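# Notes for the structure review
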Amino acid sequence: MLTKKQHELLLFIHRRLQADGVSPSFEEMKDALRLRSKSGIHRLITALEERGFLSRLAHRARALDVVKLPPGGATVTGFTPSVIEGRKSEPARRVEEPDARRGTVSLPLYGKIAAGSPIEALRDPGEIFDVPATMVAGAEHYALRVEGDSMVDAGILDGDIAVVRRSDTAENGDVVVALIDDQEATLKRLRRKGASVALEAANTKYETRIFGPDRVRIQGRLVGLFRSY
């Protein structure tokens, strides 16, 4: 299902690709949809990717491709319904109601999140991951597979499944999913130093990276880990 804003963004990207052969920038998309921040555009693009309407081409800037259009195509005007039909079966889902028999909730399991050098932020979810319902009560959550060793001293190992509470705020010392320059995502400990944001590793092999406040957006806070032996 698509929301009105998802629908508007999809058609805007489609028209720009048809006219210019290149997808619009995040700033252009933000202005076209009259949003206050580019983080809203990131969330809309992620939702469109999850539903199979958009794909992101690897290793290319501003490389979005429209996979399909919603019913009515690009000629829809005066959009009235709040949602329209998308793909009937989608592998990733928002937090569902707990399974009364098992006491679990199914989360979308996204691709690997770097606990080392940052990696590409936008990923197509291909699996779901069941967690205890008590772990994710009262908020939206998602799961990520950890890659790298930069957080080993915090007990976060390569191959762990991180359960993340979706949030755009965090306290000093929280382990967060941080989006850098709307392009790279990494799992690090958050430290604020004046107007700057520090992303701190938990491994002496890695340096703390410091950014201006407009370069880092918080995508969620770590609330749990799962590990297979």
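Just above, that's the structure.
### Some points on the overall build of the protein
A tally of regular secondary structure across the protein gives three helices and 14 strands. Residue burial in the protein is summarised as follows: out of 229 residues, 45% are buried. A sequence separation of at least 24 residues applies to 63% of the contacts in the protein between residues at least 6 apart. Just so you have it, the protein exposes about 11900 Å², and 48% of that area is on carbon and sulfur atoms.

### Overview of the side chain of R16
Structurally, R16 is set in helix α1 (residues 4-20). Judged by its relative accessible area of 19%, R16 falls in the buried class. A polar side-chain atom of R16 sits 3.3 Å from a polar atom in the side chain of E28.

### Things to note about helix α3 (residues 38-50)
The end-to-end C-alpha distance of α3 is 19 Å, a good match for the 18 Å that 13 residues give at a rise of 1.5 Å each. Taking burial as the measure, the 13 residues of α3 include 11 buried ones, the bulk of the element. Those residues of α3 lying buried are S39, G40, I41, H42, L44, I45, T46, A47, L48, E49 and E50. Positive backbone phi, approximately 85 degrees, marks G52, located one or two places after α3.

### Describing the packing of aromatic side chains
For the structure shown, the criterion picks out two aromatic pairs. When the ring centre of F53 is taken as origin, the NZ or CZ atom of K68, which lies over that ring, is 4.9 Å away.

### A closer look at the pattern of salt bridges
The full count for this structure, using the stated rule, is nine salt bridges. Residue E8 is joined to K5 by a salt bridge in which the shortest nitrogen-to-oxygen separation is 3.7 Å. Here E8 pairs with K5, and both are found in helix α1, just three residues apart, close to one helical turn. A salt bridge links D160 to R227; its shortest N-O distance comes to 2.7 Å. Placement of D160 in the loop between β8 (141-147) and β9 (161-165) and of R227 in the segment after β14 (216-226) is noted, with a sequence separation of 67 residues between them. Sharing partners across several salt bridges, the network here consists of E27, K30 and D31.

### Considering unusual backbone geometry
Of note, R34 is a non-glycine position whose phi angle comes to about 60 degrees, a positive value. By secondary structure assignment, the location of R34 is in the loop between α2 (26-32) and α3.

Rules behind the numbers
Residues numbered from 1 in each chain as written. Predicted model: local features only at pLDDT ≥ 70, side-chain atom pairs only at ≥ 80, totals over all residues. Heavy atoms only, no water. Helix = DSSP H or I, 4+ residues; strand = E, 2+ residues; numbered from the N terminus. Buried < 20%, exposed > 50% of the residue type's maximum accessible area, 1.4 Å probe, protein only. Contact = heavy atoms within 4.5 Å. Areas by Shrake-Rupley, 256 points an atom, 1.4 Å probe, with all protein chains shown as cover. Polar contact = N/O pair within 3.5 Å; in protein donor to acceptor, adjacent residues only side chain to side chain. Expected span 1.5 Å × (residues − 1). Phe/Tyr/Trp six-rings, centres within 6.5 Å; stacked < 30°, edge-to-face > 60°. Lys NZ or Arg CZ within 6 Å of the ring centre and 35° of its normal. Salt bridge = Lys/Arg side-chain N within 4 Å of Asp/Glu carboxyl O.

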